[in-house]
Each structure stands twice: as C-alpha cells, then as structure tokens.
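Each chain is listed here by its residues.
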Amino acid sequence: EDVALVAPRYRDKVCVPELIHSYSRAPEHAQYASVQMTMASGNLVRMSAFERVGFFDEPMFIDYVDYEFCLRLRRYGYKIIEAQLAILDHRCGNRSTHRFFGKIVRTTNYPPIRRYYNARSRIVVYKRYWLVEPRWVIRDLFAFLGRDLLAIVLYERDVAAKFSAIARGIGHGAINKLGRASWPGAPSKRS
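Rules used throughout
- For every chain, the first residue of the written sequence is number 1, and numbering continues from 1 along that sequence.
- Given that this is a predicted model, residues contribute local features only at a pLDDT of at least 70 and side-chain atom pairs are listed and counted only at 80 or more, while totals for whole chains, interfaces and linings are drawn from all residues.
- In computing side-chain values, all of the structure's heavy atoms are included and hydrogens and water are not.
- Residue types Ala, Val, Leu, Ile, Met, Phe, Trp, Tyr and Cys, when buried and joined through side-chain atoms within 4.5 Å, form a set referred to as a nonpolar core.
- Per-residue accessibility, obtained with a 1.4 Å probe over protein chains only, is compared with the maximum for each type, and a residue is labelled buried under 20%, exposed over 50%, and partly exposed between these values.
- Only runs of H or I of at least four residues qualify as helices and only runs of E of at least two qualify as strands under DSSP, and these elements are numbered from the N terminus.
- Throughout, a contact is declared for two residues whenever any of their heavy atoms are within 4.5 Å.
- Here a cavity means grid points, on a 1 Å grid over the protein atoms only, where a 1.4 Å probe fits yet cannot get out; a pocket means an open set of points with protein on both sides within 12 Å along at least five of seven lines; lining residues are those with an atom within 4 Å of a point.
- Grid points are joined across faces, edges and corners, and a volume is the space filled by probe spheres set on the points.

(A) Broad picture of the nonpolar core. Residues Leu-73, Val-125 and Trp-136 are the most contacted members of the largest nonpolar core, which totals 33 residues. Residue assignment for this core shows that the elements contributing at least two residues are β1 (3–12), α1 (47–53), α2 (65–75), α3 (112–129) and α4 (134–155). Of all the elements, α2 adds the most residues to this core, at six residues. Apart from residues no more than four positions distant in its own chain, Leu-73 is found in contact with Ala-4, Leu-5, Ala-49, Val-53, Tyr-78 and Ile-80. Counting residues in hydrophobic clusters, the runner-up holds six residues, among them Ile-62, Ile-113, Tyr-117 and Ala-165.

(B) Representation of empty space enclosed by the protein. Within the structure shown, the criterion is met by one cavity of 30 Å³ or more. Considering only enclosed or pocket space, the largest cavity measures out at about 30 Å³ in volume. Arg-115, Asn-118, Ala-119, Arg-122, Phe-144, Asp-148, Leu-149, Ile-152 and Ile-166 are the residues that line the largest cavity. Residue assignment for the lining of the largest cavity shows that the elements contributing at least two residues are α3 and α4.

See the structure below:
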C-alpha cells in the first residue's frame, strides 16, 4: 500500500556505449529497488496515490514535472520502486558521449527552449522542496551548476543562446511564471 509508483530503467541506444540509466544502485540480481526519483515515462502509478496527492503539475509543462511528482509522493510517505528487469527505450535529446579527464560525460544537446524549461522548473521545484528535501535539492543544484552547465560550455553548440535561455528560465522560475514559453521570439516548438 505504501508503493505509489513503479518505474522501469531506461535505455538510450543512441549513446556509445549504450546507456542504461537507472535511478538505483541495486545489485545486478535485484528484481526491484527503492528509488528517490524517476522519469515519468513508462511509469505505473497507483490511482489512490493520484487521489491523495494530486496529478502531475501540468503548468510546469516539461522537465522536472516527474521529479516534482516523486518529491510530492515522498512527502506523503509513499515509496517509489524501480523494476530492474523492465527496460524502456527512451531517448533524452540528441545525446553525445565525451571524455573529460578520463571520465565519460554525456550531454543531451537540448535546444535553448528546452534549457529554459529545465532551468525554470528546477527553480520552482527547489523553492517548493528545499525545506523538506534539502539534501536532494543541494545535490541537484550542484549537478546543474557543475555537470550540466560545464557540459554545455565544453561540448554543445549555441552556448550563448542556451545560457540566455537558462537565465530567463531561472528568472521565470523565481516568480513562478509557468506554462508555455511566451517571450518575444521564444521558439514555439519543444523537443
């Protein structure tokens, strides 16, 4: 009764080497593992959990909608399970793989509009949950400021446009401006 969501692991076959993304550190023989977060794709959600905590926050539109939902489930005492043997083919952006001081770095190569939504939603989620999930917020913030932004600078194109979109997203997140992007010249297409 305390499990609200069951999620698969995710395989991106475009990556070289092939990437199987898991939110757990479960041993290979495990059939399932408890996780803090997961993506929304391929999830099974208990209807009674929706009735208790509400649905996904649609005005967030894209990016971090799933993480916000997971944080809300956890706030209500629910567990999130990752089914280790269930693998969903799922492509995040146009991934590319690079080496940085001997470590593999993968970047999504999202366009500026997607970077806007990601930054905006992150700020909204941080504001909502920093008091109840401070460790998660701090870890995610460091990943954003370190790994994500560094990967954009080192390995992606349109860096200035992406950083401009990120700055606008942070500003809009700070004032809770949600929904589709609507500034003059904002791309109308998402990816």
